[in-house]
Amino acid sequence: MIDKETRIKVAIQKSGRLTEHSLDLLQRCGLKYTRGRDQLIGYGENMPLDILLVRDDDIPGLVRDDICDLGICGLNIVEEKRQEFATDGIDNPFSVIRELDYGHCRLAFGYPESSSLKQAADLGGKRVATSYPAIVQAYLKKQEIPAEVVEFSGAVEIAPSLGRADAICDLVSTGTTMKANRITEGETILDSEAVIIRTPLEISAEKQSWVERLLQRIDGVMQVRESKYIMMHAPKTALSEISRLLPGSEAPTVLPLEGKSDKVAVHVVCRETVFWETLENLKDAGASSVLVMPVEKMLA
Ligand code: PRT
Ligand code: ZN
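On a predicted model such as this, the values are computed, not experimentally measured, just so you know.

1. A few points about the pairing of strand β1 (residues 8-13)
Part 1: In terms of burial, β1 is a largely internal element, six of the six residues being buried.
Part 2: As paired strands, β1 and strand β4 (residues 49-54) are joined by six bridges and run parallel to one another. Residue pairing in the sheet places Lys9 in a bridge with Asp50 of β4.
Part 3: In this sheet, strand β5 (residues 70-74) lies alongside β1 in parallel orientation, the contact comprising two bridges. Residue Ala11 lies in a different strand from β5, and its bridge partner there is Gly71.

See the structure below:
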């Protein structure tokens, strides 16, 4: 059992795109934890803070129901749930207290290349497939576009080819999924990143002071991001994709490779944490011999 009066409960995604970053953030704030036998709870050993590992869609509800004091999930989910709660007459279900600068993506319209649709204004009388019906509905209403919203829980991008919708509105990060499905990306209606939400209810003074400490530590962690020096070999054609994949990087140094005309060596300083996922994405973009080194000092 977790002591509700004295221990802060933080809901984070159990398994998905935000899990590694969120656990990493809490650990960098100094948290040491042990996982319960069911793996669903991480018990803080050196802070009165426990982690609940759940599906991201459940996080706003857990905070709104006061089961958790804090939650970390994408703003996309937070805004969708906020709209849902508002429809049910529940205002102020949680507040966003920090933007965490990872999990970046955008909720954007997508129009099949084969269709004549080019912009949201063309959607009157058409069907839009999305996993974010409340956000999309609110946008269409505000823009006075009489389109029908069709809810899809996953694989939204195949809705048009299945004949289930004329356009989509889905999360995009690299844009590869839309492209692969012959969909042209259109207007962004929400820019998203991972955020911390907090219950609007009062919490005990003891817990409040720990929440404040945690936030201070998070700010510290975000300020002194570990810079890395990254070196790799890459096809010349992949240079723009590689720059885009590296978070917080400056213009790369590009050097010729002896005896290779199509490949170059790329050196870049990256001011943000480089995760395995980033390295895998670099590899997928064509990079090889990727080396990541710590930067000891830097004079900008
Ligand atoms: O099981 P659970 O419900 O917890 O996880 P989930 O499958 O719902 O979520 P998950 O792990 O896929 O994503 C968690 C959060 O990561 C999202 O709520 C977003 O805030 C954030 N995020 C960042 C993304 C993306 N980038 C992203 N690219 N979430 C999903 N995608 C999907 C998108 O839906 C589309 O299918 O990736 C595809 C598009 O990617 P690109 O790179 O091809 O454009
Ligand atoms: Zn989910």
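2. A short note on the sheet that holds strand β15 (residues 260-270)
Part 1: Read across the sheet, four strands follow the order β14-β15-β13-β16 without closing on themselves; strand pairing throughout is antiparallel. Each having just a single partner strand, β14 (253-257) and β16 (288-294) make up the two edges of the open sheet. With strand direction ignored, the average angle separating the axes of adjacent strands in the sheet is 20 degrees.
Part 2: As defined by bridge partners, strand β13 (residues 228-235) adjoins β16 across five bridges and the pair is classed as antiparallel. In the strand pairing of β16, Ile230 is matched with Val292.

3. Things to note about unusual backbone geometry
Part 1: Backbone geometry at Asp101 places phi at a positive 60 degrees, although glycine is not the residue there.
Part 2: Here Asp101 is to be found in the loop between β6 (95-99) and β7 (105-112).
Part 3: Here Asp101 falls in the partly exposed class, since its relative accessible area comes to 27%.
Part 4: One non-glycine residue with positive phi stands out, namely Ser289, at about 50 degrees.
Part 5: Within the secondary structure, Ser289 sits in strand β16.

4. Structural notes on the packing of aromatic side chains
Part 1: With the rule as written, the count across this model stands at three aromatic pairs.
Part 2: Look at Phe85 and Phe94: their rings are 6.1 Å apart centre to centre, the planes differ by 70 degrees, and that puts the pair in the edge-to-face class. Both residues of the pair, Phe85 and Phe94, count as buried.
Part 3: A centroid spacing of 5.6 Å and a plane angle of 55 degrees characterise the contact between Phe109 and Tyr139, whose relative ring orientation is tilted. With a gap of 30 residues between them, Phe109 in strand β7 and Tyr139 in helix α4 (residues 133-142) connect regions that are remote in the sequence.
Part 4: For Phe109, a relative accessible area of 0% puts it in the buried group.
Part 5: Taken together, the aromatic side chains of Phe109, Tyr111 and Tyr139 make up a single cluster linked through ring pairs.
Part 6: Between Arg64 and the ring centre of Phe85, over which it is positioned, the NZ or CZ distance is 5.6 Å.
Part 7: Sitting over the face of the ring of Trp210, Arg213 holds its NZ or CZ atom 4.1 Å from the ring centroid.

5. Some thoughts on the sheet that holds β4
Part 1: What the seven strands build is an open sheet, ordered β2-β3-β4-β1-β5-β12-β6; its pairing is mixed. On the outer flanks of this sheet lie β2 (33-35) and β6, each paired with one strand and no other. Taken pair by pair, the neighbouring strands of this sheet meet at an average axis angle of 25 degrees, ignoring direction.
Part 2: Relative to strand β12 (residues 194-198), β5 runs antiparallel, the two being bridged by five bridges. Counted as the bridge partner of Gly74 is Ala194 from β12.
Part 3: In this fold helix α1 (residues 19-28) packs onto β1, β2, β4 and β5, with an angle of close to 150 degrees to the strand it touches most, β1.
Part 4: Sitting on the sheet, helix α3 (residues 75-87) is in contact with β5, β6 and β12, with an inclination near 105 degrees to β5.

Rules of the game
Residues numbered from 1 in each chain as written. Chains lettered and ligands numbered in written order. Predicted model: local features only at pLDDT ≥ 70, side-chain atom pairs only at ≥ 80, totals over all residues. Heavy atoms only, no water. Buried < 20%, exposed > 50% of the residue type's maximum accessible area, 1.4 Å probe, protein only. Helix = DSSP H or I, 4+ residues; strand = E, 2+ residues; numbered from the N terminus. Pairing = 2+ DSSP bridges. Axes fitted to C-alpha atoms, helices over the stretch in contact; angles between N-to-C directions. Phe/Tyr/Trp six-rings, centres within 6.5 Å; stacked < 30°, edge-to-face > 60°. Lys NZ or Arg CZ within 6 Å of the ring centre and 35° of its normal. Contact = heavy atoms within 4.5 Å.

By themselves these figures say nothing about function.
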